[in-house]
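Survey of secondary and tertiary structure
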Amino acid sequence: MIWNIEFKGKLKGSIDQISTGKELPEGSVQFKEPEKVEKAMLQGFLYTIPGVFLMLLLAIFRIVTTYAKPEEMNGGQYLKTFIPALVVSMIAAYPAMYVHEFIHAFLFPKNLKKQIYVHPESMTLFVYCEEMISKARFIVVSLGPAVVLGILPFLIGVIFAPVIPAQIMVATMFFAVISYMGAMGDLVNAFNCIRQVPRDGKVFNRGYHSYWMR
């Protein structure tokens with residue numbers, strides 16, 4: 001194993017089955033969070049809307065001001081730029097789902113045991129670790145993929161648009177938006193941690209749920 005990361009593959013049934021069953025430490029408080037993955041994803045989707053809306057506005061502005069104004073390009077020219085870029089970004093988004101989880105895992109302390117699962121029932125991948133980490137570390141672990149695969153590529157596309165071909169820039173933008181939306185569950189975890197966990201709190205998992213304690 002690299003960095004104590006183990007890829008476990010598909011998990012059938014409830015996520016709770018992977019819990020070691022260790023007794024919860026005294027003083028543990030369960031996160032106030034959705035009881036089902038589907039509800040968490042819906043909540044996360046709502047959290048992504050403001051960011052996605054802002055990213056799309058900035059992308060459209062940058063594309064129009066950098067490459068061509070709408071009146072200078074016909075529909076066919078736009079389609080030749082956008083459709084291949086969208087296809088490429090969607091293809092790239094599949095392996096990026098696995099990269100997403102490895103980013104989570106690498107952001108945990110190296111000495112902790114991390115397991116990566118594919119959960120077909122909820123159409124998600126996730127990292128599982130039962131060891132305690134600080135509130136700040138949990139937030140970094142949660143938001144890492146959204147930053148690395150979403151925000152940073154988007155900013156690179158915006159900044160370097162004048163010196164890269166339109167299709168590459170647009171593909172980068174699409175990929176960034178898709179990756180950011182793929183972090184919807186992570187946004188829920190980060191939001192819950194920020195709101196519920198004291199500054200000096202520690203966070204850990206048992207099955208599906210997250211817990212905190214001082």
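Here is a short report on the structure shown in this document.

Cut-offs applied
- Residues numbered from 1 in each chain as written.
- Predicted model: local features only at pLDDT ≥ 70, side-chain atom pairs only at ≥ 80, totals over all residues.
- Heavy atoms only, no water.
- Helix = DSSP H or I, 4+ residues; strand = E, 2+ residues; numbered from the N terminus.
- Buried < 20%, exposed > 50% of the residue type's maximum accessible area, 1.4 Å probe, protein only.
- Contact = heavy atoms within 4.5 Å.
- Areas by Shrake-Rupley, 256 points an atom, 1.4 Å probe, with all protein chains shown as cover.
- Lys, Arg positive; Asp, Glu negative; His and termini not counted.
- Charge placed at Lys NZ, Arg CZ, Asp CG, Glu CD.
- Pairing = 2+ DSSP bridges.
- Expected span 1.5 Å × (residues − 1).
- Core = buried A, V, L, I, M, F, W, Y, C linked by side-chain atoms within 4.5 Å.
- Salt bridge = Lys/Arg side-chain N within 4 Å of Asp/Glu carboxyl O.

Quick look at the overall build of the protein chain
The number of helices and strands found in the protein chain is five helices and seven strands. When the helices and strands of the protein chain are read in sequence order from the N terminus, they spell out β-β-α-α-β-β-β-α-α-α-β-β. Oriented by its inertia axes, the alpha-carbon framework of the protein chain measures out at about 65 × 35 × 30 Å. Going through the 214 residues of the protein chain one by one, you find that 44% of them count as buried. A fraction of 78% describes how many contacts in the protein chain between residues 6 or more apart in sequence connect residues 24 or more apart. When the accessible surface of the protein chain is split by element, carbon and sulfur atoms take 67% of a total near 12,100 Å². In the protein chain, the 20 positive side-chain charges and the 15 negative ones have mean positions that sit 4 Å from each other.

Quick notes on the pairing of strand β7 (residues 209–213)
The side chains of a regular strand alternate between both faces of the sheet. Across the five residues of β7, five count as buried, placing the element largely inside the fold. Where burial is concerned, the two faces of β7 agree: the one with His-209, Tyr-211 and Met-213 and the one with Ser-210 and Trp-212 are both buried. Across two bridges, the pairing between strand β2 (residues 29–30) and β7 is antiparallel. Residue pairing for β7: Gln-30 is matched across the bridge by Tyr-211. With five bridges connecting them, strand β6 (residues 202–206) and β7 associate as antiparallel partners. Counted as the bridge partner of Lys-202 is Met-213 from β7.

A look at helix α4 (residues 166–181)
The end-to-end C-alpha distance of α4, which contains 16 residues, comes to 23 Å, matching closely the 22 Å that a straight helix rising 1.5 Å per residue would cover. By the burial criterion, the buried members of α4 are Met-169, Val-170, Ala-171, Met-173, Phe-175, Ala-176, Val-177, Ser-179 and Tyr-180.

Here's the deal with the sheet that holds β2
Pairing in this open sheet of four strands is antiparallel, and the strands run β2-β7-β6-β5 from one edge to the other. Where the open sheet ends on each side, the last strands, each with one partner, are β2 and β5 (133–134). As paired elements, β5 and β6 share two bridges and run antiparallel to each other. Directly across from Ser-134, in β6, lies its bridge partner Lys-202.

Some words on unusual backbone geometry
Look at Asn-4: it is not a glycine, yet its phi comes out positive at around 60°. Not every positive phi belongs to a glycine, and Met-123 is a case in point at roughly 55°. Exposure remark for Met-123: the relative accessible area of 76% places this residue in the exposed category.

Observations regarding the nonpolar core
Nonpolar side chains in soluble globular proteins tend to be buried together. The biggest cluster of nonpolar side chains holds 17 residues, and the ones touching the most others in it are Met-55, Phe-154, Met-169, Val-170, Met-173 and Tyr-180. For this core, the leading source of residues is α4, giving seven residues. Excluding its chain neighbours within four sequence positions, the residues that come into contact with Met-169 are Arg-62, Ile-63, Tyr-67, Gly-157, Ala-161 and Ile-164. Grouped together as the second largest cluster of nonpolar side chains are 16 residues, Phe-31, Val-127, Ile-139 and Trp-212 included.

Quick notes on the environment of Lys-135
The residue Lys-135 is located in helix α3 (residues 135–160) in this model. Overall, the relative accessible area of 15% leaves Lys-135 in the buried class. The sequence separation of Lys-135 and Gly-157 amounts to 22 residues, and the corresponding C-alpha distance is 32 Å. Not counting the four nearest positions on each side in its chain, Lys-135 is found in contact with Cys-193, Ile-194, Val-197, Pro-198, Arg-199, Gly-201 and Val-203.

Topic: helix α1 (residues 37–66)
For α1, which comprises 30 residues, the first-to-last C-alpha distance of 41 Å matches the rise-based estimate of 44 Å (1.5 Å per residue) to within 8%. Along α1, the positions that sit buried rather than exposed are Val-37, Ala-40, Gly-44, Thr-48, Gly-51, Val-52, Met-55, Ala-59 and Ile-63.

Here we look at the pattern of salt bridges
Oppositely charged side chains can pair when the atoms bearing their charge come close. In total, this model carries four salt bridges according to the counting rule given. Across the pair Glu-130 and Arg-206 runs a salt bridge, and its minimum N-O distance is 3.7 Å. Linking Glu-130 in the loop between β4 (124–128) and β5 with Arg-206 in strand β6, this pair joins segments that are 76 residues apart in sequence. Judged by relative accessible area, Glu-130 falls into the buried class, the value being 10%.

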